[in-house]
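Overview (structure and organization)
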Amino acid sequence: MNLQVLMRRYEAMYILRPTLTEEELEQSVNLFEQTLRSQGVEDLATERRGKRRLAYEIQKNKEGIYIQMTYSATGPINAELERMLRLNESVLRHSIFREGDE
């Protein structure tokens, strides 16, 4: 079966703690990018949206650092990224969805 046919566009948005140093921020972003690359994603693009005020407090944080990643992948690849985002203490919230399903 041709994997190219099974590839779909996904977007992952996550919010990191505002107290992270620049080095910690880069380490976190690189970790998630490497996870996707090691799983064979294509067209990975990461956009740092910056520190923004949250609509409501999350774990006593009023601000968060927003990161958006878009990529082409097969569905099972998202399971590993989801697991890593859930377990990482720097991540306040995350969401992964298929583009076009908004």
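Read on for a plain summary of the structure. (Residues numbered from 1 in each chain as written. Predicted model: local features only at pLDDT ≥ 70, side-chain atom pairs only at ≥ 80, totals over all residues. Heavy atoms only, no water.)

Turning our eyes to something else, we now look at the sheet that holds strand β4 (residues 91-98). Taken together, the four strands give an open sheet; going across it, the order is β2-β3-β1-β4, and neighbouring strands pair in antiparallel fashion. Unpaired on one side and paired on the other, β2 (42-58) and β4 mark the two borders of the sheet. Here the average twist between neighbouring strands, direction ignored, is 15°. Contacts between helix α3 (residues 77-87) and the sheet are confined to β1 (8-16), β3 (61-73) and β4, with β4 contributing the most and set at about 165° to the helix. (Pairing = 2+ DSSP bridges. Helix = DSSP H or I, 4+ residues; strand = E, 2+ residues; numbered from the N terminus. Axes fitted to C-alpha atoms, helices over the stretch in contact; angles between N-to-C directions. Contact = heavy atoms within 4.5 Å.)

The next subject is the environment of Leu36. Among the structural elements, Leu36 can be located in helix α2 (residues 22-38). Distance in space between the C-alpha atoms of Leu36 and Ala73 is 8.7 Å, their sequence separation being 37 residues.

Take unusual backbone geometry next. Of note in the backbone geometry, Asp43 takes a positive phi value of approximately 55° without being a glycine. Checked against the element boundaries, Asp43 lands in strand β2. Classification of Asp43 by relative accessible area gives exposed; the value is 54%. Backbone geometry at Lys60 places phi at a positive 65°, although glycine is not the residue there. (Buried < 20%, exposed > 50% of the residue type's maximum accessible area, 1.4 Å probe, protein only.)

Attention now moves to the nonpolar core. In this structure, Tyr14, Leu16, Met69 and Tyr71 are the most contacted members of the largest nonpolar core, which totals 21 residues. At five residues, the largest contribution of residues to this core is made by β3. Setting aside residues no more than four positions away along its own chain, Tyr14 makes contact with Val29, Phe32, Ile65, Tyr66, Ile67, Met69, Leu85, Val91, Arg93 and His94. (Core = buried A, V, L, I, M, F, W, Y, C linked by side-chain atoms within 4.5 Å.)

Listed as buried for α3 are Ile77, Asn78, Leu81, Met84 and Leu85. For α3, the buried positions fall inside an angular range of 125° around the axis, keeping them on one side. In this structure, α3 carries Ala79, Arg86 and Leu87 as exposed residues pointing more than 90 degrees from its buried face. Tucked inside the fold, the buried residues of α3 contact β1, α2, β3 and β4. (Arc of directions from axis to C-beta.)

None of the figures reported here should be taken as evidence of function without further support.
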